[in-house]
Amino acid sequence: RHNPRLRRSRILFFISGVLLCFVYTLTLKAKLSQLPASAGADRGHHEVLEVRVRELLLAPNETEATAPESTQPPLLIVVNRTDIEQCVYVDPLPPKPPPTTPPVTTSPPSHPPGLPPHRKGDYPEDLFSIEQRRQGWVVLHILGMVYIFVALAIVCDEFFVPALEVIAIKLDISDDVAGATFMAAGGSAPELFTSLIGVFISHSNVGIGTIVGSAVFNILFVIGMCAIFSREMLRLTWWPLFRDVTFYILDLIMLIIFFLDNVILWWESVLLVLGYVSYVSFMKFNPQIEQMFKGQLNKHTSIVKVWSAEEPEKVSSNSGLMWAEGINLLPSIKHHALRGSSASLHNTSLRNTIFQLMIHTLDPLGEATEGGSEGSDGSSEEESGNKESSEPSDSDEDGEKVAEENEEEEREPLSLEWPDTPWKRATYLFLLPILLPLWFTLPDVRNATSRRFFAITFLGSIFWIGIFSYMMVWWAHQVGETIGISEEIMGLTILAAGTSIPDLITSVIVARKGLGDMAVSSSVGSNIFDITVGLPIPWLLFSALHNGDPVVVSSNGLFCAIVLLFLMLLFVIISIAACRWKMSKMLGLTMFVLYFVFLVLSVLLEDRILTCPISI
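None of these values were measured; they are calculated from a predicted model.

1. Some thoughts on the overall build of the protein
Of the regular secondary structure elements, the protein holds 22 helices and six strands. When each of the 616 residues of the protein is scored for burial, the buried share is 47%. Nonlocal contacts in the protein, meaning residues at least 24 apart in sequence, comprise 81% of its contacts between residues at least 6 apart. Roughly 31,000 Å² of accessible area belongs to the protein as shown, and the carbon and sulfur atoms make up 64% of that amount.

Below you can see the structure in the form of structure tokens.
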């Protein structure tokens, strides 16, 4: 007979074992039910529960491999809930830090090659879709850009620059300071407004690209074309070129250093503006500093021979800037040479405006002219004849009269008279949509009765330049989006050339009249305004409106483009100095070729086809 106590003990032990297994099974079930919730709450932490089941187990890796796009957690199938050997809970991985918000940038995001850039910037919706533009309607945008280039040249030459001349006269500013400030602003207004639009509207580096591309265009293309189309070898006055290039090199070094970290801080913009202030201050005392500097050079005869490289009679007939020698010069030559020492070509009476060239002149290079250009050609013939003569004669008075006639002709107001030839009439009708709005909204200060309204002309010209610049950048963006290139490349190439072509034409005309040193000096001097005002002023405004935030200027090829500009500037000044401040046609052709080499390299760097060897 079995002991009843032993039987009861066995029954209680069995019941206790069953209860323990039941409790353990419930605990495991609770943990398994928590797994989907935790996986759905934080799927990126890879929380893993390893369970070994005797009958069937689907591993999480295999489940993820078979259904990578599934939004449901991996399923674990258990056949026998009570037949579990081992359950191990693995702690989740530490959470990943949240992604940091990138700073505000003005550079476009990278896009795959062959695809158009992402639509960006505060532009209105285009009338044509990108598919329609690729079918041929983009030609309208290209023609519109060309038309805007002409409009910008007309508003600057016919209204903005004359208003600035009146302001300079009212403030009693010398020619040197006026050339470095007001006249430089008149010639570089499109680049300045393009930079403003790039920072605040298009949110891209189109302004930087336009200014850098325009600088290279002026340094290489304009100077090279002046040398190629000049009637004789250009003999340059060394002091204006040496002075402007020195300031320009210092400003470029600052810009390159500030570009190294891909951001422009507010104090870096202030330093660039201070570079412009120092240049204007230098121009205020330019005659005194020039006389003192040349006086020091006179103590070293060898240096003077190398830097001047001209006999006294050639100096007296060409440069007109030997202050200490007391040479008697022709008044007209002296007048233009002194004006040529300033930083801009826009304040000289020899400069023909685009409207005058398109309407009143058949030969833009000055071979033969008619209409309103007869006086200027007469002056060039008088000057060339006087230059050949090494002795003063009675023609001095004729030179004075010619110079006065040129000044009076330059100050003639804009005329909308109907031309007399079919070609001029067609050109007149082509320009009429530009001329009429400007004629009705802006007083022409070259007219004596309208001179008192110079402030209205000044502010109204700024308004029209802003409108035209906006349309130019907008249509350039549409063209770039259609053919798949960035706004930076458009700025380096098309916009830079388009905004500088008017100065190219007038510089070549002045060079053919025997005053190439004015054109060369102006090409360098206008770039100083672009680097020290056109770039930092929009950056300063951006930092002021965004609580001092820096402006991000990172770009694939712009940094290397600035370095290339610096190297080519050194090449130009060293080459001209080595040629004893003379520019032959071969040197001009070399600079012409170098400009296209710069364009090709800049485009390849911006499109990442080439890698910039200088890492930033």
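2. A look at the environment of Leu274
Within the secondary structure, Leu274 sits in helix α8 (residues 266–284). Assessed through its relative accessible area of 47%, Leu274 is described here as partly exposed. For Leu274 and Asp251, which are 23 residues apart along the polypeptide, the C-alpha to C-alpha distance reads 10.0 Å.

3. What about α8?
With 19 residues, α8 extends 27 Å between its outermost C-alpha atoms, agreeing within 8% with the 27 Å of an ideal straight helix rising 1.5 Å per residue. Taken together, the buried positions of α8 are Glu268, Ser269, Leu272, Val273, Gly275, Tyr276, Tyr279, Val280, Phe282 and Met283. Among the structural elements, α4 (175–180), α7 (238–258), β4 (263–264), α9 (286–297), α19 (516–534) and α20 (536–545) are those in contact with the buried residues of α8.

4. Brief notes about the packing of aromatic side chains
Inspection of the entire model under this criterion finds 29 aromatic pairs. Ring centres of Phe258 and Trp267 lie 6.1 Å apart, and the angle between their planes is 80 degrees; this geometry places the pair in the edge-to-face category. For Phe258, a relative accessible area of 6% translates into the label buried. A network of ring pairs unites the aromatic residues Trp238, Trp239, Phe242, Phe247, Tyr279, Phe282 and Phe293 as a single cluster.

5. A closer look at the pattern of salt bridges
Opposite charge on two side chains permits pairing when their charged atoms draw close. Taken as a whole and judged by the stated rule, the model has six salt bridges. Taking the shortest distance from any N to any O, the salt bridge between Asp126 and Arg133 comes out at 3.9 Å. Owing to a relative accessible area of 12%, Asp126 belongs among the buried residues under this scheme. Arg133 sits in the buried class, given a relative accessible area of 2%.

6. Brief notes about a nonpolar patch on the surface
A cluster of nonpolar residues, Ile11, Phe14, Ile15, Val18 and Leu19, forms a patch on the protein surface that exposes about 490 Å² of accessible area. Secondary-structure assignment places Ile11 in helix α1 (residues 4–41). Given the relative accessible area of 46%, Ile11 is considered partly exposed.

7. Comments concerning the environment of Met233
The topology assignment puts Met233 in the loop between α6 (206–229) and β3 (234–235). The class of Met233 is partly exposed, set by a relative accessible area of 40%. Sequence spacing of Met233 and Gly516 is 283 residues, and the spatial spacing of their C-alpha atoms is 9.4 Å. Filtering out sequence-adjacent residues up to four positions away, Met233 remains in contact with Lys582, Met583 and Ser584.

8. Description of unusual backbone geometry
For Asp172, which is not glycine, the phi dihedral falls at a positive 55 degrees. By secondary structure assignment, the location of Asp172 is in the loop between α3 (130–170) and α4. Asp172 gets classed as exposed once you look at its relative accessible area, which sits at 69%. Even without a glycine there, the phi angle at His203 is positive, about 50 degrees.

9. Points about the nonpolar core
Leu241, Tyr248, Phe259, Trp539, Met583 and Phe598 are the most contacted members of the largest nonpolar core, which has 71 residues in total. Within the residue set of this core, elements represented by two or more residues are α6, α7, α8, α18 (487–512), α19, α20, α21 (558–578) and α22 (585–606). In terms of residues, this core owes the most to one element, α6, which gives 14 residues. In this structure Trp539 touches Val199, Ile208, Leu255, Phe259, Ile264, Ser269, Leu272, Val551 and Val553, once residues within four positions along its chain are discounted. If you look at the next biggest cluster of nonpolar residues, it comprises 41 residues, including Phe159, Val161, Val206 and Ile359.

10. Things to note about the packing of α6 against α18
The interhelical angle for the contact between α6 and α18, taken along N-to-C directions, is 30 degrees, at an axis separation of 7 Å. By the criterion of interaxial angle, the relationship of α6 to α18 is roughly parallel. Our pair here, α6 against α18, has a crossing hand that is right-handed. Residue classes in the contact of α6 with α18 are distributed as 16 nonpolar, nine polar and three charged.

11. Side note on the side chain of Ser469
Note on placement: Ser469 falls in helix α17 (residues 454–483). From its side chain, Ser469 meets the backbone oxygen of Ile465 in a polar contact 2.7 Å long. The residues touching Ser469, leaving out its near neighbours within four places in the chain, are Leu152, Pro190, Phe193 and Ile197.

12. Structural notes on the side chain of Asp444
Secondary-structure assignment places Asp444 in the loop between α16 (422–441) and α17. Exposure remark for Asp444: the relative accessible area of 10% places this residue in the buried category. At a separation of 2.6 Å, a polar atom in the side chain of Asp444 contacts the main-chain amide nitrogen of Leu414. Once residues within four sequence positions are removed from consideration, Asp444 is found in contact with Glu158, Phe159, Pro413, Leu414 and Ser450.

13. A look at the packing of α3 against α16
Look at α3 against α16: their axes get within 10 Å of each other, and the N-to-C directions meet at 40 degrees. Considering the angle they form, α3 stands oblique to α16. As α3 runs across α16, the sense of the crossing is right-handed. In this structure, α3 uses Tyr147, Val150, Ala151, Ile154, Val155 and Phe159 to contact α16, whose residues at the interface are Phe430, Leu431, Pro433, Ile434, Leu435, Leu438 and Trp439. Taken together, the residues that form the contact of α3 with α16 break down as 13 nonpolar, no polar and no charged.

14. Focus on the confidence of the model for the protein
On average, the protein scores 74 in pLDDT, and the residues at 70 or more come to 65%. Mean pLDDT across the elements of the protein bottoms out in helix α12 (residues 331–340) (37) and peaks in α20 (94). Predicted confidence is poor over residues 309–343, with pLDDT under 50, and the contacts of this stretch with residues over four places away or in other chains come to 75 contacts. Every residue in residues 362–400 scores below 50 in pLDDT, and together they form 57 contacts with partners more than four places removed in sequence or on other chains.

What counts as what
Note that residues are indexed from 1 along each chain, following the sequence as it is written. Where local features are concerned, this predicted model is filtered to residues with pLDDT of at least 70; where side-chain atom pairs are given and counted, the filter is 80 or more; whole-chain, interface and lining totals use all residues. Excluded from the side-chain calculations are hydrogens and water; all other atoms, namely the structure's heavy atoms, are used. Helix and strand definitions follow DSSP, with helices as H or I runs of at least four residues and strands as E runs of at least two, each counted in order from the N terminus. For every residue, the accessible area (1.4 Å probe, protein chains only) is compared with the maximum for its type, and the residue is labelled buried under 20%, exposed over 50%, or partly exposed between those bounds. In this analysis, two residues are considered to be in contact whenever any of their non-hydrogen atoms come within 4.5 Å of each other. Working definition of accessibility: Shrake-Rupley area with a 1.4 Å probe, residue cover restricted to the visible protein chains. One less than the number of residues in a helix, times 1.5 Å, gives the span that helix is expected to have. For Phe, Tyr and Trp, rings pair up if their centres lie within 6.5 Å, where Trp contributes its six-membered ring, and each pair is then called stacked (planes under 30 degrees apart), edge-to-face (over 60) or tilted (otherwise). Within this document, salt bridges are pairs made up of a side-chain nitrogen of Lys or Arg and a carboxyl oxygen of Asp or Glu, the two lying within 4 Å of each other. Any residue with relative accessible area above 30% and no salt bridge may belong to a patch, with like charges joined within 9 Å and the nonpolar Val, Leu, Ile, Met, Phe, Trp and Tyr side chains within 5 Å. What is meant by a nonpolar core is a set of buried Ala, Val, Leu, Ile, Met, Phe, Trp, Tyr and Cys residues, joined one to another through side-chain atoms within 4.5 Å. Axis angles are defined between N-to-C directions and span 0 to 180 degrees, where every axis is a line fitted to C-alpha atoms and, for a helix, only to the segment in contact. In these notes the angle categories are as follows: under 35 degrees is roughly parallel, over 145 is roughly antiparallel, 65 to 115 is roughly perpendicular, and the rest is oblique. We call a crossing left-handed when the near helix sits turned anticlockwise from the far one by less than a right angle, and right-handed when that turn is clockwise. Under the scheme applied, nonpolar residues are Ala, Val, Leu, Ile, Met, Phe, Trp, Tyr, Cys and Pro; charged residues are Asp, Glu, Lys and Arg; polar residues are all the others, including Gly. Each polar contact in these results corresponds to two N or O atoms within 3.5 Å; when the atoms are within protein, one needs to be able to donate a hydrogen and the other to accept it, and residues that are neighboring in sequence are counted only if both atoms are side-chain atoms. Known as pLDDT, the predictor's confidence for each residue is given on a scale from 0 to 100.

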